[in-house]
Amino acid sequence: MSAEPHEIRLKRLRIRSWRRGMKEMDLLLGPFSDGSIAALSHAELDAYEALLEENDQDLYRWFSGASPMPDDHAAIIARIQKSRN
């Protein structure tokens, strides 16, 4: 486990959310990171960080419903989608 301070972690995750390889993913993940990640639990932050490790093309297919999302990302993807409504 890293000794990274919580605020530094949040800032790093925000930057990774806005600077994706696909603009569509920037627009999905960036606003979520700006508005919601500060309220996530440690476990949810771990799940969000794991999601950010995924390739943008896979993420886009999961968010658009073109491919079924993996069970291990389903909860955080649902949270992101709910934040957009």
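Residues numbered from 1 in each chain as written. Predicted model: local features only at pLDDT ≥ 70, side-chain atom pairs only at ≥ 80, totals over all residues. Heavy atoms only, no water.

Enquirer: Just to check I follow, could you spell out the overall build of the protein chain for this structure?
Expert: A tally of regular secondary structure across the protein chain gives five helices and zero strands. If you list the helices and strands of the protein chain from N to C, you get α-α-α-α-α. Here the C-alpha atoms of the protein chain give a radius of gyration of 12 Å, agreeing with the 12 Å that 2.2 N^0.38 yields for 85 residues. With respect to the principal axes defined by its C-alpha atoms, the protein chain has extents near 40 × 25 × 25 Å. (Helix = DSSP H or I, 4+ residues; strand = E, 2+ residues; numbered from the N terminus. Rg over C-alpha atoms; globule rule 2.2 N^0.38 Å.)

Enquirer: What am I meant to see in the packing of aromatic side chains here?
Expert: Geometrically, a pair of aromatic rings is defined through the distance of the ring centres and the angle of the planes. What the rule picks out here adds up to one aromatic pair. On the basis of an interplanar angle of 55° and a centroid distance of 5.3 Å, the ring pair of Phe 32 and Tyr 48 is categorised as tilted. Taken together, the positions of Phe 32 in helix H2 (residues 23-35) and Tyr 48 in helix H3 (residues 42-52) put the pair 16 residues apart, joining distant regions of the chain. (Phe/Tyr/Trp six-rings, centres within 6.5 Å; stacked < 30°, edge-to-face > 60°.)

Enquirer: In this structure, what is going on with the nonpolar core? I would like to understand it.
Expert: Where a protein is soluble and globular, its nonpolar side chains tend to be buried together. Core analysis: the largest hydrophobic core is formed by 19 residues, its most contacted members being Leu 29, Ile 37, Tyr 48, Leu 51, Phe 63 and Ile 80. Broken down by secondary-structure element, the contributors of at least two residues to this core are helix H1 (6-18), H2, H3, helix H4 (56-64) and helix H5 (71-84). In contact with Leu 51, other than residues within four places in its own chain, are Leu 59, Trp 62, Phe 63, His 73, Ile 76, Ile 77 and Ile 80. (Core = buried A, V, L, I, M, F, W, Y, C linked by side-chain atoms within 4.5 Å. Buried < 20%, exposed > 50% of the residue type's maximum accessible area, 1.4 Å probe, protein only. Contact = heavy atoms within 4.5 Å.)

Enquirer: How do you make sense of the environment of Arg 14 when you look at a structure like this?
Expert: Counting through the fold element by element, Arg 14 comes out in helix H1. What Arg 14 contacts, discounting residues up to four positions off in sequence, is Ser 33, Asp 34, Ile 37 and Ala 38.

Enquirer: Can you help me understand the packing of H3 against H5 in this one?
Expert: Following both chains from N to C, one finds H3 and H5 inclined at 95°, their axes separated by 9 Å at the closest point. Regarding the angle of H3 to H5, the classification is roughly perpendicular. Across the interface between the two elements, Glu 44, Ala 47, Tyr 48, Ala 50 and Leu 51 of H3 pack against His 73, Ile 76, Ile 77, Arg 79 and Ile 80 of H5. The residue inventory of the contact of H3 with H5, partitioned by class, reads seven nonpolar, one polar and two charged. (Axes fitted to C-alpha atoms, helices over the stretch in contact; angles between N-to-C directions. Parallel < 35°, antiparallel > 145°, perpendicular 65-115°, else oblique. Nonpolar A, V, L, I, M, F, W, Y, C, P; charged D, E, K, R; others polar.)

Enquirer: What's the story with the side chain of Arg 20 in this structure? I'm lost.
Expert: With respect to the element layout, Arg 20 can be found in the loop between H1 and H2. Judged by relative accessible area, Arg 20 falls into the buried class, the value being 16%. Among the polar contacts listed, one links the side chain of Arg 20 to the backbone oxygen of Leu 52, at a separation of 3.0 Å. A polar side-chain atom of Arg 20 sits 3.1 Å from the main-chain carbonyl oxygen of Glu 54. Beyond its immediate chain neighbours, meaning those up to four positions away, Arg 20 contacts Met 25, Asp 26, Leu 29, Leu 52, Glu 54, Asp 56 and Leu 59. (Polar contact = N/O pair within 3.5 Å; in protein donor to acceptor, adjacent residues only side chain to side chain.)

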